[in-house]
Amino acid sequence: MSQNPQKPQKNHPNIQGYKICHYKTATSTNDVAKELAKKSNEEKTIVLAEVQKDGKGRMGRQWISPKGGLWFSIILRPQMSPKEALKLTFITSSAVAKTIETMFCLKTAVKWPNDVLVNGRKICGILTETSTRENVIDFVIVGIGINANINLDSFPANLQDTVTSLKHELGYNIRQKTLMKNFLQNFEHRYKLLQRRRWTVLLQEWKGLATFLGKQVEVVSFDEVLVGEAWDVCDDGALILRLKDGVLKRVVAGDVELRT
Ligand code: BTN
């Protein structure tokens, strides 16, 4: 038997043109969405699970996904080159950050390439996976994990100082449906702008939330550890690091940590 149920537990009414397939549990919503995208032409379809048994993070890491979090993946079929798919991660983090700020008056920040932070701790991660055919995008899965109604003690001890949740910040449980509705409104607005080639404006917005820019950081990129000032983020999404000797270094993948 498949590890993921064949049929979602329920389908919600469309929000902003997005269809939501709601599962009680899934291995990883990204994997379920990928399977669905491969065997259909679904677009703007969301796979949401209350619990993920095998949640995936970036760079092969595990994503802890207990009940109470908002774990979902969006199937998109954008008309853009595979290289540009990274832009979807940026507009998604801006949309999550804006949603959290406006709904809960919490100050948010983004961290390259895919994190949303509240009070310097990670509240949301994004995993974007692209499937191509002959260098043309077939589909993109944008997986979003928001630590919503989760107590920090649900996370392993080694993460408890670096992550946070909406429940921890606010002291109460939030309404996930309202959060999803507002997020989709913010996301759709930015997705439309991206398709209308308004990337410069969207990157400017993201940079406005990127409080790590101009600070000393450590970047773990493949098996290299680089230290320098987070100088800028290029048009193609690469991070520019200014090393101690003044050399500007382009980084395309990795994890950024602020140096205190
Ligand atoms: C990261 O920061 O490392 C990315 C985390 C992405 C987690 C989300 S939760 C929903 C979707 N399904 C997954 O298995 N991962 C993403």
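Here the structure is a predicted model, which is why all the values come from computation and not from measurement.

> What am I meant to see in the overall build of the protein here?
The number of helices and strands found in the protein is 5 helices and 13 strands. Taken over C-alpha atoms, the radius of gyration comes to 18 Å for the protein, in line with the 18 Å a tight globule of 260 residues would show. Referenced to the eigenvectors of the C-alpha coordinate spread, the extents of the protein come out at roughly 55 × 45 × 35 Å. Residue burial in the protein is summarised as follows: out of 260 residues, 50% are buried. Of all intrachain contacts in the protein linking residues separated by at least 6 positions in sequence, the fraction that spans at least 24 positions is 61%. Of the roughly 13,100 Å² of accessible surface on the protein, a fraction of 49% belongs to carbon and sulfur atoms. Averaging the coordinates of the 38 positive side-chain charges in the protein and doing the same for the 27 negative ones gives two points 6 Å apart.

> Got a minute to help me understand the sheet that holds strand β12 (residues 248–251) in this structure?
Backbone-to-backbone hydrogen bonds join strands into a sheet, with any given pair of strands oriented parallel or antiparallel. If you walk across this open sheet you meet the 5 strands as β12-β11-β10-β9-β13, and the pairing is antiparallel. Every other strand in the sheet has two partners, leaving β12 and β13 (255–258) as the edge strands with one partner each. This sheet shows a mean twist of 45 degrees between the axes of neighbouring strands, independent of strand direction.

> Got a minute to help me understand the environment of L127 in this structure?
With respect to the helices, strands and loops of the structure, L127 is situated in strand β7 (residues 121–133). Residue L127 is classed as buried on the basis of its relative accessible area, which comes to 15%. Separated by 70 residues in sequence, L127 and G57 place their C-alpha atoms 6.4 Å apart. If near-sequence neighbours (up to four positions away) are discounted, L127 is found in contact with N30, K56, G57, R58, I141, V142 and G143.

> Is there a simple way to explain the site of the ligand in this structure?
Close to the ligand lie 20 residues; S28, Q52, K56, R58 and K122 are nearest. Within the side chain of K122, one N or O atom sits 2.5 Å away from an oxygen atom of the ligand. Protein burial of the ligand: of its 420 Å² of free accessible surface, 99% is covered by the chains. Placement of the ligand is best described as lying within the largest pocket. Among the secondary structure elements, those contributing two or more residues to the shell around the ligand are α1 (29–38), β4 (70–76), β7 and β8 (136–146).

> It is not clear to me how helix α4 (residues 176–195) should be interpreted in this structure. Could you clarify?
It helps to recall that an α-helix has 3.6 residues per turn; residues three or four apart then point in one direction. Under the 1.5 Å per step criterion, the end-to-end length of α4 is 28 Å for 20 residues, consistent within 8% with the ideal 28 Å. Taken as a whole, α4 has its buried residues at L179, M180, F183, L184, F187, E188, R190, Y191, L193 and L194. Positioned one or two residues after α4, R197 has a phi angle of 60 degrees, which is positive.

> Hey, could you run me through unusual backbone geometry in this one?
With omega at -5 degrees, the peptide bond leading from W112 into P113 counts as cis. Residue placement: P113 occurs in the loop between β5 (108–111) and β6 (115–118). Even without glycine at this site, M59 takes up a positive phi of about 55 degrees. Take M59: it is sitting in the loop between β3 (45–52) and β4. Even without a glycine there, the phi angle at R197 is positive, about 60 degrees. Examined against the element boundaries, R197 turns out to sit in the loop between α4 and α5 (199–209). With relative accessibility at 56%, the residue R197 sits in the exposed group.

Conventions adopted
- Residues numbered from 1 in each chain as written.
- Predicted model: local features only at pLDDT ≥ 70, side-chain atom pairs only at ≥ 80, totals over all residues.
- Heavy atoms only, no water.
- Helix = DSSP H or I, 4+ residues; strand = E, 2+ residues; numbered from the N terminus.
- Rg over C-alpha atoms; globule rule 2.2 N^0.38 Å.
- Buried < 20%, exposed > 50% of the residue type's maximum accessible area, 1.4 Å probe, protein only.
- Contact = heavy atoms within 4.5 Å.
- Areas by Shrake-Rupley, 256 points an atom, 1.4 Å probe, with all protein chains shown as cover.
- Lys, Arg positive; Asp, Glu negative; His and termini not counted.
- Charge placed at Lys NZ, Arg CZ, Asp CG, Glu CD.
- Pairing = 2+ DSSP bridges.
- Axes fitted to C-alpha atoms, helices over the stretch in contact; angles between N-to-C directions.
- Near = heavy atom within 4 Å.
- Polar contact = N/O pair within 3.5 Å; in protein donor to acceptor, adjacent residues only side chain to side chain.
- 1 Å grid on protein atoms, 1.4 Å probe; cavity = no way out; pocket = protein on both sides within 12 Å on 5 of 7 lines; lining within 4 Å.
- Sits in = over half its atoms within 2 Å of the grid points.
- Expected span 1.5 Å × (residues − 1).

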